[in-house]
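Observations on the three-dimensional arrangement
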Amino acid sequence: MYTNSLVVKVASRCNLNCTYCYVYNMGDESYKKQPKFMSEDVIQSLFLRIKNHCEKNKLERFLIVFHGGEPLLTGISFYEKFIEIENKIINNSVKIDYSMQSNGVLLDRETAKKLKELNIQVGISLDTTILSNNQNRIFHNGKGAYKEIISGFDVLKEIYGSDYANCLSVIDTNQDVKEVYNHYKEIGVKNVHLLFQDFNYIGFNQNTVPKTGEWLIGIFDIWYNDKDENKPNIRPLTDLIGLIFGFQKYSEIFGKGVNDTLVVETDGSIETVDTLKICGDGFTLDNLNVLHNEFDELYESSELARKYYYGHENLCKSCQNCIIEPVCGGGFIGHRFSDQNGFNNPSIYCKEIVKLVCHLQNRILKDLPDDFIKNTNIEELSYEEVIESIEGHCEVE
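No experiment lies behind these values; they were computed from the predicted model shown. For every chain, the first residue of the written sequence is number 1, and numbering continues from 1 onward in sequence order. With the structure being a predicted model, the display of local features is reserved for residues of pLDDT at least 70 and the display and counting of side-chain atom pairs for 80 or more, all residues being used for whole-chain, interface and lining totals. The side-chain values count all of the structure's non-hydrogen atoms but skip hydrogen atoms and water molecules.

This part is about empty space enclosed by the protein. Throughout, the protein atoms alone are placed on a 1 Å grid, and a set of points is a cavity if a 1.4 Å probe fits but cannot get out or a pocket if it is open with protein on both sides within 12 Å along at least five of seven lines; lining residues have an atom within 4 Å of a point. Grid points are joined across faces, edges and corners, and a volume is the space filled by probe spheres set on the points. In this structure the tally under the stated criterion is two cavities of 30 Å³ or more. If you add up the space inside the largest cavity, you get close to 110 Å³. Lining of the largest cavity is provided by 15 residues; of these, Val 23, Tyr 31, Gln 34, Glu 265 and Lys 277 occupy positions nearest its centre. Here the lining of the largest cavity is composed, by residue class, of five nonpolar, five polar and five charged. Lining the second largest cavity we find Ser 318, Cys 319, Cys 322, Glu 325, Cys 328, Gly 330, Pro 346, Ser 347, Cys 350, Ile 353, Val 354 and Ile 390. By the criteria applied, helices consist of DSSP H or I runs no shorter than four residues and strands consist of E runs no shorter than two, each listed in order from the N terminus. Broken down by secondary-structure element, the contributors of at least two residues to the lining of the second largest cavity are α11 (317–320), α12 (325–328) and α13 (350–365). Of the residues forming the lining of the second largest cavity, the biggest block, three residues, is contributed by α13. Under the grouping applied here, Gly and all other residues not named as nonpolar or charged are polar, the nonpolar ones being Ala, Val, Leu, Ile, Met, Phe, Trp, Tyr, Cys and Pro and the charged ones Asp, Glu, Lys and Arg.

In this section: the nonpolar core. Membership of the largest hydrophobic core comes to 125 residues, with the highest contact counts inside it found for Phe 47, Ile 50, Ile 64 and Phe 153. Among all residues touching Ile 50, those that are not within four sequence positions of it are Leu 6, Phe 62, Ile 64, Ile 90, Ile 96 and Phe 295. As used here, the term nonpolar core means buried Ala, Val, Leu, Ile, Met, Phe, Trp, Tyr and Cys residues forming a set that is joined through side-chain atoms within 4.5 Å. Whether a residue is buried, partly exposed or exposed follows from its accessible area with a 1.4 Å probe, protein chains only, as a fraction of its type maximum: under 20%, in between, or over 50%, in that order. Pairs of residues are marked as contacts when any of their non-hydrogen atoms sit within 4.5 Å.

The next thing to look at is the pattern of salt bridges. Salt-bridge detection follows one rule: a side-chain nitrogen of Lys or Arg within 4 Å of a carboxyl oxygen of Asp or Glu. As enumerated under the stated definition, the model contains 26 salt bridges in all. Between Glu 117 and Lys 114 there is a salt bridge whose closest N-O contact spans 3.1 Å. One end of the pair is Glu 117 and the other is Lys 114, both in helix α3 (residues 109–117) and three residues apart, which spans about a single turn. Among the residues examined, Glu 117 registers a relative accessible area of 56% and is labelled exposed. Residue Lys 114 is classed as partly exposed on the basis of its relative accessible area, which comes to 25%. Among the salt bridges present, the one from Lys 256 reaches Glu 325, with a minimum N-O distance of 2.4 Å. Highlighted residues: Lys 256 in the loop between α8 (237–244) and β8 (261–264) and Glu 325 in helix α12, separated in sequence by 69 residues. The exposure class assigned to Glu 325 is buried, which follows from its relative accessible area of 17%. One network of salt bridges, in which partners are shared, links Asp 28, Glu 265, Glu 271 and Lys 277.

Taken as a whole, the second largest pocket encloses approximately 340 Å³ of empty space. Taken together, 21 residues make up the lining of the second largest pocket; nearest its centre are Ile 323, Ile 324, Val 327, Gln 361 and Leu 381. Of all the secondary-structure elements, those providing two or more residues to the lining of the second largest pocket are α8, α12, α13 and α15 (383–391). With three residues, α15 is the single largest residue contributor to the lining of the second largest pocket. For the lining of the second largest pocket, a count of residues per class yields twelve nonpolar, six polar and three charged.

What follows is the structure in structure tokens.
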């Protein structure tokens, strides 16, 4: 077990207060004990651990994703120093790739130019419509942040080019799918990753979570029928299509790959991925830190880290009896959590995922040649039959 990518929490605070944020608004308060920004001592130790880890596991490339909070709160000089330290310690022994996930509010032209010079790719967190952004992606005073976010997104397109107009969007099923799709095209989104809201069996069940599968079906139908060559690439739709037809499109959410990303907090703490904070206050906390420990030690000492790494294996009986399990891989492990059974449950979005996969597979089959269908042995799916096959094994209601 090893990692080839880290989410590095360079800032533990945020200038926005998004209603659905798994860091600040889902019950975990561990961020309050973190320093606001990562220190140079931690950065130096971080690169020493990366160097050791890559040498041990014979890795030639390694990805660092700057995250927070809001990573641009550190100021641009932080990243100049960060890469200066990398050059001294790594010294070309490993190719370090950099990306950043930002809310875009602080992204002006000079900052974007410097980030590009430093070879840091930037993605913007930008939700589905103007209304959704102004209701959910808000400042601490309650004011909607869409104007400031879209300004940063426009700067990104100007400085990096339209091919790098990438964004993450938390799905808001209250928004009309046509308005959402048109919004992405109007603002020039190139790639968008639509994210399920982070719910599990703490306070929810499969019938009370948002109807995300139905909503994504609506998006898919519009996108699939759009003949525009410049239409946006939409995940997880493209991931699921690839998986349905046997391609390795693994992710934290779908497929059967391993989840090999770790998190380093501002104080240097090494933790399992932070989206698991939705499982309880302090859920991801461990006693390891880059100041004293190697990354491998987390996999050796933490049952949670191992469960996350193999999050698409050792699934519950419902998943094991499901025909689409090779495609969905049980979904995101955090969405399977309950106080009663831990992760030994189907995804809280199980019914929605089944509905979505069935629709995608059946719709695409209609456009494929008979010979291709015969050679691949792919058949139409019945939502009712898939659900019936797994309901007798359901661990939770």
